[in-house]
Amino acid sequence: MSPGLITHSLGKATGRIPGLRRVPMVKLLAAAEIALVARDHLLRLTPAERRRLVVLVRTGRGRRSRLSDGQRGELERLLAKLEARALVGDAVGAMSPLPLPKRLLYGPRRR
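Residues numbered from 1 in each chain as written. Predicted model: local features only at pLDDT ≥ 70, side-chain atom pairs only at ≥ 80, totals over all residues. Heavy atoms only, no water.

**Comments concerning the packing of helix 3 (residues 47–60) against helix 4 (residues 69–82)**
Stated precisely, the cut-off is as follows: Axis definition: a line fitted to C-alpha atoms, limited for helices to the stretch in contact. Angles are taken between N-to-C directions and run from 0 to 180 degrees. Under the scheme used here, helices are H or I runs from DSSP no shorter than 4 residues and strands are E runs no shorter than 2 residues, and both carry numbers assigned from the N terminus. Our angle categories are set so that under 35 degrees counts as roughly parallel, over 145 as roughly antiparallel, 65 to 115 as roughly perpendicular, and the remainder as oblique. Working rule for handedness: look at the near helix, and if it is turned counterclockwise from the far one by less than a right angle, call the crossing left-handed; if clockwise, right-handed. The contact criterion used throughout is that any non-hydrogen atoms of two residues lie within 4.5 Å. Any residue that is not Ala, Val, Leu, Ile, Met, Phe, Trp, Tyr, Cys, Pro, Asp, Glu, Lys or Arg is counted as polar, Gly included; the first ten are nonpolar and the last four charged.
Between helix 3 and helix 4, whose axes approach to 10 Å, the crossing angle comes to 130°. Classified by the angle between their axes, helix 3 and helix 4 sit oblique to one another. Where helix 3 crosses over helix 4, the handedness of that crossing is left-handed. On the side of helix 3, the interface is formed by Glu49, Arg52, Leu53, Leu56, Val57 and Thr59, while helix 4 contributes Gln71, Glu74, Leu75, Arg77, Leu78, Leu79, Lys81 and Leu82. In terms of residue class, the contact of helix 3 with helix 4 is made up of seven nonpolar, two polar and five charged.

Written out as structure tokens, the structure is:
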């Protein structure tokens, strides 16, 4: 694609979405990069597991204390499969110009 076509397409898109012209292009690209990283991690779960994760998060409304012991265990199992720590590390790594230390991505060494 030619750069002119891309610029023209972005110009048309920003005209249709209210408030989009005020958002710098770098922030839009960063948000898209993070969305792609999150999508890669979410695809590690089956569709049924993704639906169950949404149900548990909605039920708990951000607090583990609102979930029963069984629900907490199920949520922990789904988050372990999702690899939440690696998700955050991948998202930060995508934005950072420097490589991240492995211990931030995978945790401390196990002895």
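**Quick word on the side chain of Glu49**
Worth spelling out the cut-off: For the purposes of these results, a polar contact is taken to be a pair of N or O atoms within 3.5 Å, where, inside protein, one atom must be able to donate a hydrogen and its partner to accept one; residues adjacent in sequence count only when each atom of the pair is a side-chain atom.
Position of Glu49 relative to the elements: it lies in helix 3. Within the local environment of Glu49, its side chain forms a polar contact with the backbone nitrogen of Thr46, the two atoms lying 2.9 Å apart. A distance of 2.9 Å separates polar atoms of two side chains, one belonging to Glu49 and the other to Lys81. Leaving out residues up to four positions away in the same chain, Glu49 has contacts with Arg77, Leu78 and Lys81.

Read these as layout, nothing more, since geometry by itself doesn't imply function.
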